[in-house]
Amino acid sequence: MKQRANSTYKRLDRYILLKYLKTFLLALALIIVIIITFDVSEKLDKFLSHHATFWQVVFDYYCNFIPGFVNLYSPLFIFIAVIFFTSKMAGNTEIIAILGSGISYRRLLQPYLHGSLIVAVTVLLLGNFVIPISQRHLIEFEEQYVKSKAPSYYSNLHFQSEPGVQVYAESYDVKMQKAFRFRREELTPEGRLAKRESADMISYDSVSGMWLCSGYTLRTIDSAMNETLIFKGNPMIDLGVTPTDLDLLSQRMETMNTPTLLKFIQREKMRGTGTVKQAKIELYQRLLNPLAIIVMTLIGVAIASRKSRGGIGIHLAIGITIAFAFIVFMKIATVFATNGNLSPFMAVLLPQLVFGLAAVYLIYKAPK
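Everything quoted here is computed from the prediction, not taken from an experiment.

Draft legend 1. Inspection of the overall build of the chain at higher detail. Counting secondary structure elements, the chain contains 10 helices and 8 strands. For the chain, the spread of C-alpha atoms along the three principal axes comes to 90 × 55 × 35 Å. Every one of the 368 residues in the chain was classed for burial, and the buried ones make up 41%. Pairs at least 24 apart in sequence give 60% of the contacts found in the chain among residues at least 6 apart. Only carbon and sulfur atoms are counted for the fraction: they give 63% of the accessible area of the chain, which is about 20,100 Å². Averaging the positions of the 39 positive and the 26 negative side-chain charges in the chain gives two centres separated by 19 Å.

Draft legend 2. Structural context of empty space enclosed by the protein. Applying the stated criterion across every chain yields a total of 1 cavity of 30 Å³ or more. Contributing to the lining of the largest cavity are Q285, N289, M330, T334, A347, V348 and P351. Counting only elements with at least two residues in the lining of the largest cavity, the list comes to α9 (311-339) and α10 (344-365). Of all the elements, α10 adds the most residues to the lining of the largest cavity, at 3 residues.

Draft legend 3. Inspection of the packing of aromatic side chains at higher detail. In this structure the tally under the stated criterion is 20 aromatic pairs. Between Y20 and F85, the ring centres sit 6.4 Å apart and the planes meet at 80°, which makes this aromatic pair edge-to-face. Taken together, the positions of Y20 in helix α1 (residues 2-49) and F85 in helix α2 (residues 54-91) put the pair 65 residues apart, joining distant regions of the chain. Relative accessible area serves as the criterion here: at 1%, Y20 is assigned to the buried category. An angle of 20° between the planes, with centres 6.3 Å apart, marks the rings of Y61 and F65 as stacked. Taken together, the residues Y61 and F65, both in helix α2 and 4 residues apart, mark about one turn of the helix. Accessibility classification places Y61 together with F65 in one group, the buried group. Within the aromatic cluster, the residues linked to one another by ring pairs are F47, Y61, Y62, F65, F69, Y73, F77, F141 and Y145. In this structure, R107 is placed above the aromatic ring of Y9, and the distance from its NZ or CZ to the ring centre is 4.6 Å.

Draft legend 4. Broad picture of the nonpolar core. Core analysis: the largest hydrophobic core is formed by 57 residues, its most contacted members being Y20, F47, Y105, Y112, F141 and I299. Broken down by secondary-structure element, the contributors of at least two residues to this core are α1, α2, α3 (94-100), α4 (105-146), α8 (291-304), α9 and α10. With 16 residues, the single largest contributor to this core is α2.

Reading the values: rules and limits
- Residues numbered from 1 in each chain as written.
- Predicted model: local features only at pLDDT ≥ 70, side-chain atom pairs only at ≥ 80, totals over all residues.
- Heavy atoms only, no water.
- Helix = DSSP H or I, 4+ residues; strand = E, 2+ residues; numbered from the N terminus.
- Buried < 20%, exposed > 50% of the residue type's maximum accessible area, 1.4 Å probe, protein only.
- Contact = heavy atoms within 4.5 Å.
- Areas by Shrake-Rupley, 256 points an atom, 1.4 Å probe, with all protein chains shown as cover.
- Lys, Arg positive; Asp, Glu negative; His and termini not counted.
- Charge placed at Lys NZ, Arg CZ, Asp CG, Glu CD.
- 1 Å grid on protein atoms, 1.4 Å probe; cavity = no way out; pocket = protein on both sides within 12 Å on 5 of 7 lines; lining within 4 Å.
- Points joined across faces, edges and corners; volume = space filled by probe spheres on them.
- Phe/Tyr/Trp six-rings, centres within 6.5 Å; stacked < 30°, edge-to-face > 60°.
- Lys NZ or Arg CZ within 6 Å of the ring centre and 35° of its normal.
- Core = buried A, V, L, I, M, F, W, Y, C linked by side-chain atoms within 4.5 Å.

Keep in mind these numbers describe shape, not what the thing actually does.
This is how it looks when you write it as C-alpha cells:
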C-alpha cells in the first residue's frame, strides 16, 4: 500500500513538474520571439547603417540579450505559466480529483516548489556569473552598432583612492588617458595635510604603469608644520591611481560578476563615492530576486487552483494585476533606497516579504 502511494506521488510530481517547466519555457520562448521581432524591426536601420553582419547581430547581440531578459522577467512568466496550467487543471477538475484521492493540499504544492527552486537556482547562477559577461558584450555591441559612442571625456573627478588619500582631476580624456589639473593629497590620521602632489597634466604610460607629469609640484608638511615645496618639471611617477579609476564607464556594475561587485563596493566605500547604494541594490537584487519566483509560484497556485466560472481568463486577469503590483512595489522600494533613507537590503527584501506573506495567506485560504 505504501509503495502504491509513493508511486502515485511520483507520478503526480512528474506530471505537475513537467507542466510547470514546459509551460514556463513555452511562454518564455513565445515572448522572446515577439520581443526580438519588434526589436529587429526597430533597430534594423541602425544595424545596416553600421554594417553589422547577420552573425554579429545573432551571436553578439541577441544571444547576450536573452539571458538578461530571462533573468529580469522570469518571475512574471513563471506566474503566468502557473496561473495558466493550474487554472486549466482546475477547470478540468483535476485538482478536485487529486485532493479527493486523499492527497493533501500541502503535498500538492511540493512539485510546484521543486519547479520554482529549479528555476530560482538557475536564475541565481545566471544573475551572479553569466549575465554580467553577456551584459559586457551587449553594451560593447550597442556602443558600436546601435547607440552613439561612449563618452570619452569626464570632468570634476573627486574620490578617495585609499584611506587618507584624496584624488582630484578637473578633467580626464579616456582615449588619450590624460588627466588635467590633477591633484593628490595625503592626510594624517588627524585629518591634517601631509603631502600634496599636483600637475597641470598627467599622461599614462602603459608600459611602465606610471604617469608622465607636466608641471609637477610636490608639497610636504612635517609634524612641526615645516613646509617643503619641490618643482620636478616632467617626471615619471606612480601616483597610486590607474586609468580604470578615472574612467567612469569601466565601473558599470551590471558588467561585474558578484565577487568583483563585492570588491567594487568595498573600494567605493573607501573612496567615499555616491555609487555605494546603487552597487548594494544591484548585489541584493542578484541574491534575493530569485525568491520572487517561489513567491509568485505560491500565489499563482493559490489563485488558480480553485475552479471559477470565469475560467482561465479571470485567473489570468487577477494574476497579471498582482504581478504588475509586485513589479511596481519593487521599483518604488528601489527609488526610496536610492533617494531616501531606506536601506538597500530592505528595499530589495520588502517586496518579497510582503508578497510572501500574501502568498502564505492565500495558500491558507485556498479551498482544500
